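# Results of the structural survey
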2 protein chains.
Amino acid sequence: MVRVVLMNPKFEGNVGFIARLMANFGYNDLALVDPVSIEDEARMYASQAEYILDNACIYNSFEEAVQNIDTKIATTGIPGVTDSNHIRMPYYTPKELKNQLDGYGGNIALIFGKEDHGLPNKIIKKCEIVTSIPTSDRYPVLNLSHAVAILLYELSDIQKTDISVPNQKEMKLIHNRINQILQLINHPKHKKQKTKLMMKRILGRANLTKREAYTLLGILKNTIKKIKQNKTK
Amino acid sequence: MVRVVLMNPKFEGNVGFIARLMANFGYNDLALVDPVSIEDEARMYASQAEYILDNACIYNSFEEAVQNIDTKIATTGIPGVTDSNHIRMPYYTPKELKNQLDGYGGNIALIFGKEDHGLPNKIIKKCEIVTSIPTSDRYPVLNLSHAVAILLYELSDIQKTDISVPNQKEMKLIHNRINQILQLINHPKHKKQKTKLMMKRILGRANLTKREAYTLLGILKNTIKKIKQNKTK
């Protein structure tokens, strides 16, 4: 399942266009976070895809809009430029994203920011994967609905498999155990946030299977145990 | 060089959006055939890409708009369904089109029809290549500017080579000689138009080099000579 999440869209026309694009490429699940009021203009632009607007869910916060999502994909027109910035790096082009998601069994959300502003860092940090559409340096800013068009087009033929993926609780446990190890090995406190985000990016791109997650959880658990044993000796 | 040709666009907003998309993906050459009057609304939607609108050429006919173009690509939301219809068949998806054009040295035009109507058969027949974006059966009709977004995005990184391509005169001569042969071998008259279009599609997809075109011209010439010799014997 692919959900389209629009954060604070301010132009009705864009919401309508995006509903139409979703119908064009076979998507159904539209989530709006604190949007402009959806009235006649949005319906006009949605054209025959009014049903997508009718079924759209409106939320007050990002967290509510992605509650049952396994992989959250942040879209941005401003990708990172250095490897040391884990917020927007490394990022995928839409083609790379498609290859990455082919065969993935989890629930995906594509997150789009407000017109003119894009997604703020605090939302991008909460996403496992970052994607950016390659554009010309002269005028790199795509209109929102055209960015959606390109991503929905590119992802419209991804194939899902039945391979189980770890749920959010299990992923959270993995990250908790990694953080525990970081603490145990005295990883510098000032690098903590950066390293946590780096791990989120790495595991986000890795698309763990449930089986892999369990194995990893075991390894992390035993690592922690071992470190603690050594300490008490 | 890739030219974007809009046939009779009727909404200013679309023309503006398309100018912006061209700037986003590094294109410059916009041709408008008998368009709506380009006023403030188009400029607003073009945003920082007003220079594309300022430099756009306005034509009265399709022929004028594609005068120096080697390969004309018709875009359509209604591709052919049977092999026997050479007007809209075979067609390329945008990805296939990109692969096809990679390394091509000639001038290309992407031709888009009027909103709601698309390109008529009489224009599609004049194009060497047909492309169609795969969409959902439930609502297959893309908005014009979103169709442009997807094609410009997909073609934005095609690589040009220096390999010479035949000019329009040379291609016309090839087709003339083929038609001459069809006549000499008594190809049924009622199939003539269909076969001519089929040859246009085949050679359009083949992307002949200039060298290949010359060799082909020689072969066709000698074939015609041979048939005529046999006749007089």
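Source: prediction; values computed, not measured. In every chain, residue numbers begin from 1 and rise along the written sequence. Throughout, the order in which chains and ligands are written sets their labels, letters from A for the former and numbers from 1 for the latter. Per-residue local features are limited, in this predicted model, to residues with pLDDT of at least 70; the limit for side-chain atom pairs, both in listing and counting, is 80 or more; totals at the level of whole chains, interfaces and linings are taken over all residues. Think of the side-chain values as coming from all heavy atoms in the structure, minus any hydrogens and water.

A tally of helices and strands in chain A yields 10 helices and six strands. Radius of gyration here is computed from C-alpha atoms only, and the compact-globule reference equals 2.2 Å multiplied by the residue count raised to the power 0.38. Compactness check: chain A gives a C-alpha radius of gyration of 19 Å against a globular reference of 17 Å for 233 residues, within 12% of the reference. Dimensions of chain A along its principal axes, counting C-alpha atoms only, are 70 × 40 × 30 Å. A burial count over chain A gives 51% of its 233 residues as buried. Should any heavy atoms of two residues lie within 4.5 Å, those residues are counted as being in contact. A sequence separation of at least 24 residues applies to 85% of the contacts in chain A between residues at least 6 apart. The method behind every accessible area is Shrake-Rupley, applied with a 1.4 Å probe, and residues are considered shielded solely by the protein chains displayed. Summed over its atoms, the accessible surface of chain A is roughly 11,700 Å², and 51% of this surface lies on carbon and sulfur atoms. We score Asp and Glu as negative and Lys and Arg as positive, and we do not count His or the chain ends. Every charge is mapped to an atom, namely NZ of Lys, CZ of Arg, CG of Asp or CD of Glu. Each charge class in chain A was averaged separately, 33 positive and 23 negative side chains, and the resulting centres sit 17 Å apart. Numbered from the N terminus, helices here are DSSP runs of H or I no shorter than four residues, and strands are runs of E no shorter than two. Think of it in three bands: residues with accessible area under 20% of the maximum for their type are buried, residues over 50% are exposed, and the middle band is partly exposed, with areas taken using a 1.4 Å probe on protein chains only.

What follows concerns the relation of the copies chain A and chain B. To line up the copies, we fit them by least squares on C-alpha atoms, keeping just the residues with pLDDT of at least 70 in both. Mapping chain A onto chain B calls for a screw motion: a turn of 180 degrees about the axis and a shift of 0.0 Å along it, with 0.0 Å RMSD after fitting. Overall, the copies show the geometry of a two-fold rotation axis. When the interface residues of chain A are mapped onto chain B, 100% of them are again interface residues, pointing to one common binding face.

Bringing the pairing of strand β5 (residues 108-112) of chain A into the picture now. All names here are of chain A. Within β5, five of the five residues are buried, leaving the element largely enclosed by the surrounding structure. Of the two faces of β5, the one holding Ile108, Leu110 and Phe112 and the one holding Ala109 and Ile111 are both buried throughout. Between any two strands, at least two bridges found by DSSP are needed for them to pair. Here strand β1 (residues 2-7) pairs with β5 via five bridges, running parallel. Residue pairing for β5: Arg3 is matched across the bridge by Ala109. Taken together, the four bridges between strand β4 (residues 71-75) and β5 define a ladder with parallel strand orientation. Its bridge partner lying in β5, Ile73 is registered against Leu110.

Now for the domain arrangement of chain A. Residues and elements named next belong to chain A. How far each domain reaches was decided by an automatic or database domain assignment. Considered domain by domain, chain A is made up of domain 1 (2-155) and domain 2 (168-232). The centre of domain 1, based on its C-alpha atoms, is set 29 Å off from the matching centre of domain 2. Each side of the interface is counted separately: domain 1 has 20 residues, and domain 2 has 10 residues. Buried area: the sum, over both parts, of the accessible surface (1.4 Å probe) that disappears when the two are put together. Roughly 1,300 Å² is buried in total at the junction of domain 1 and domain 2, and carbon and sulfur atoms are behind 49% of that figure. In what follows, salt bridge is the name for a side-chain nitrogen of Lys or Arg lying within 4 Å of a carboxyl oxygen of Asp or Glu. The tally of links from domain 1 across to domain 2 stands at one salt bridge. Here Lys200 ties to Glu128 by a salt bridge, and the two come within 4.0 Å at their closest N and O atoms. In terms of residue class, the side of domain 1 that touches domain 2 is made up of 11 nonpolar, six polar and three charged. Each residue is assigned to one of three groups, with Ala, Val, Leu, Ile, Met, Phe, Trp, Tyr, Cys and Pro labelled nonpolar, Asp, Glu, Lys and Arg labelled charged, and all others, Gly among them, labelled polar.

Here the focus is the interface of chain A and chain B. If you look at the interface, chain A gives 31 residues, while chain B gives 31 residues. Summed over both sides, the interface between chain A and chain B buries roughly 2,700 Å², with carbon and sulfur atoms accounting for 57% of that surface. Area buried by chain A at its contact with chain B is led by Tyr139, His146 and Tyr153 of chain A, which between them contribute 28% of it. At the junction of chain A with chain B, the criterion picks out two salt bridges. A salt bridge links Glu154 of chain B to Lys95 of chain A; its shortest N-O distance comes to 2.5 Å.

Once that is clear, we can look at the sheet that holds strand β1 (residues 2-7) of chain B. Residues and elements named next belong to chain B. Taken together, six strands build an open sheet; the order of strands is β3-β2-β1-β5-β4-β6 and the sheet is parallel. With partners counted over all chains shown, the strands left at the sheet margins are β3 (57-59) and β6 (129-131), one partner each. Across the sheet, the mean angle separating the axes of adjacent strands is 25 degrees when strand polarity is ignored. Here the axes come from fitting lines to C-alpha atoms, over the contacting stretch only for helices, and the angles between their N-to-C directions go from 0 to 180 degrees. Relative to strand β5 (residues 108-112), helix α7 (residues 144-155) is tilted by about 160 degrees, and along the sheet it contacts β1, β4 (71-75), β5 and β6.

Right, let's talk about the environment of Lys72 of chain B for a bit. All names here are of chain B. Mapping Lys72 onto the fold places it in strand β4. Separated by 21 residues in the primary sequence, Lys72 and Thr93 place their C-alpha atoms 15 Å from one another. Every residue in contact with Lys72, bar those within four places of it in the chain, is listed here: Phe62, Val66, Ala109, Ile111, Lys126, Cys127, Glu128 and Ile129.

Moving on, we get to the packing of helix α5 (residues 94-101) of chain B against α7 of chain B. All names here are of chain B. The interhelical angle for the contact between α5 and α7, taken along N-to-C directions, is 35 degrees, at an axis separation of 9 Å. The chirality of how α5 crosses α7 is right-handed. From α5, Pro94, Lys95, Leu97, Lys98 and Leu101 reach across to α7, where they touch Ile150, Leu151, Glu154 and Leu155. By definition, turning the near helix anticlockwise from the far helix through less than a right angle yields a left-handed crossing, and turning it clockwise yields a right-handed one.

Trans is the prevailing form of peptide bonds, just as negative phi is the prevailing case for residues other than glycine. All names here are of chain A. For Ser47, which is not glycine, the phi dihedral falls at a positive 55 degrees. Here Ser47 is to be found in the loop between α2 (40-46) and α3 (50-55). With a relative accessible area of 33%, Ser47 lands in the partly exposed category. Unlike most non-glycine residues, Asp116 shows phi in positive territory, near 75 degrees. Looking at the secondary structure, you find Asp116 in the loop between β5 and α6 (121-124).

Residue and element names in this part refer to chain A. If you trace the six strands from one edge of the open sheet to the other, you get β3-β2-β1-β5-β4-β6, paired in parallel fashion. Edge positions in the open sheet fall to β3 (57-59) and β6 (129-131), since each of these has one partner strand only. Strand-to-strand, the axes of this sheet are offset by a mean angle of 25 degrees, without reference to chain direction. Across the face of the sheet, helix α1 (residues 12-24) comes into contact with β1 and β2 (29-33) while running at roughly 175 degrees to β1. Contacting β4, β5 and β6, helix α5 (residues 94-101) runs over the sheet at an angle of about 145 degrees to β6.

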